[in-house]
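# Analysis of the macromolecular model
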Amino acid sequence: TKPEIDYEDTNHTIAMRQDTEALNKLLQRTHVDLGNRYHQYIERKKGKNQKRGSRISITQHNKFVYRVFNNNDWTQGGRYYGGFWQQIKEKRKNILINDHRSVELDFSGLHINLAYALEGLKPLQGDPYSVDLLFDTTPQQQREWMKGLSLMLINAKDEKKAIQAFRSAQPTGSEAKKFTNREVKQLIGAFTEKHQKISKYFCSDSGVIFMNIDGAITAKVIKHFTDLKEPILSVHDSYICREGVKDNLIEVMNE
């Protein structure tokens with residue numbers, strides 16, 4: 001139902017399309033599967049607004065990718081979507097690529113680190129999501145809250161929407177689901193204080209800008225390995241490869 005957007009090709013759009021087509025042609029010749037499944041699907045629990053669960057198809061037809069840009073702007077968005085592996089977080093460790101075991105590597109705190117880089121600063125040393133304990137919980141649990149909240153702060157247009165998004169994302173019946181606005185604001189305050197030098201990016205609807213940067217990074221990683229005829233499966237800020245390619249992938253990610 002969405003209208004098609006007319007645009008003129010440039011050298012950049014042509015190159016992006018060619019690189020995506022090259023990856024899909026490589027994926028067409030690549031067998032991607034889950035090594036511990038007897039069915040061609042995974043049952044997914046029903047979501048908040050769903051009457052029933054859904055099935056994620058684990059077949060050789062559900063492995064092709066495309067890029068999504070936002071707001072009629074090539075500088076916003078640009079991430080790769082598609083591929084069943086993006087929908088099965090807890091099962092990805094069982095992925096086989098051409099019958100080889102795989103590993104998943106990610107950029108820790110990518111958007112936080114990108115914000116520091118855009119300000120010409122080095123990222124803070126240590127865990128970007130660790131702050132003094134604010135509630136009667138474990139440091140690990142609070143870190144999970146902070147990690148999720150950090151993405152919402154970067155993507156939200158204002159603090160109210162960030163609070164709503166945080167609470168909505170919490171599991172039903174969990175402690176954080178019952179947090180008041182004041183308690184979520186405590187988390188926001190602690191995180192903002194820790195990252196004061198990049199706080200201008202919080203609640204500023206900057207998410208699509210950071211997605212554009214990590215999309216460009218992913219495009220470079222994918223092109224490097226596609227040229228080597230080595231399939232890489234992307235999940236925005238993480239990459240799945242055959243075990244034997246791990247060291248090469250680490251080098252390319254660092255570059």
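Read on for an overview of the structure.

Positionally, serine 234 belongs in strand β8 (residues 233–234). Excluding anything up to four places from it in sequence, serine 234 contacts Tyr80, Trp85, Gln86, Thr218, Ile222 and Tyr239.

Moving on, we come to the sheet that holds β8. With respect to topology, five strands assemble into an open sheet ordered β1-β6-β7-β9-β8, the strand pairing being antiparallel. Whereas interior strands pair on both sides, the edge strands pair on one side only; in this sheet they are β1 (32–34) and β8. As paired elements, β8 and strand β9 (residues 238–242) share two bridges and run antiparallel to each other. Residue pairing across strands places serine 234 opposite tyrosine 239, the latter belonging to β9. The strands touched by helix α7 (residues 246–254) are β7 (100–106) and β9; relative to β7, the strand with the most contacts, the crossing angle is about 20°.

Turning our eyes to something else, we now look at the pattern of salt bridges. Any two side chains of opposite charge can pair if their charged atoms end up close together. A full pass over the atoms with the stated rule returns twelve salt bridges. Residue aspartate 19 is joined to lysine 223 by a salt bridge in which the shortest nitrogen-to-oxygen separation is 3.8 Å. Placement of aspartate 19 in helix α1 (residues 11–28) and of lysine 223 in helix α6 (residues 207–227) is noted, with a sequence separation of 204 residues between them. As a salt-bridge pair, arginine 79 and aspartate 214 come within 3.0 Å of each other at their nearest N and O atoms.

Calculation notes
- Position labels on residues start from 1 in each chain and follow its written sequence.
- Under the rules for a predicted model, residues below a pLDDT of 70 receive no local features and side-chain atom pairs below 80 are neither given nor counted, while totals for whole chains, interfaces and linings still include all residues.
- Neither water nor hydrogens contribute to the side-chain values; these are computed over all heavy atoms in the structure.
- Secondary structure elements follow DSSP: runs of H or I of four or more residues count as helices, runs of E of two or more count as strands, with numbering from the N terminus.
- By definition in these notes, contact holds between two residues if any of their heavy atoms fall within 4.5 Å.
- Pairing between two strands requires that DSSP report at least two bridges joining them.
- Axis lines are fitted through C-alpha atoms, for helices just across the contact stretch, and the angle between N-to-C directions can take any value from 0 to 180 degrees.
- Should a side-chain nitrogen of Lys or Arg be within 4 Å of a carboxyl oxygen of Asp or Glu, the pair is scored as a salt bridge.

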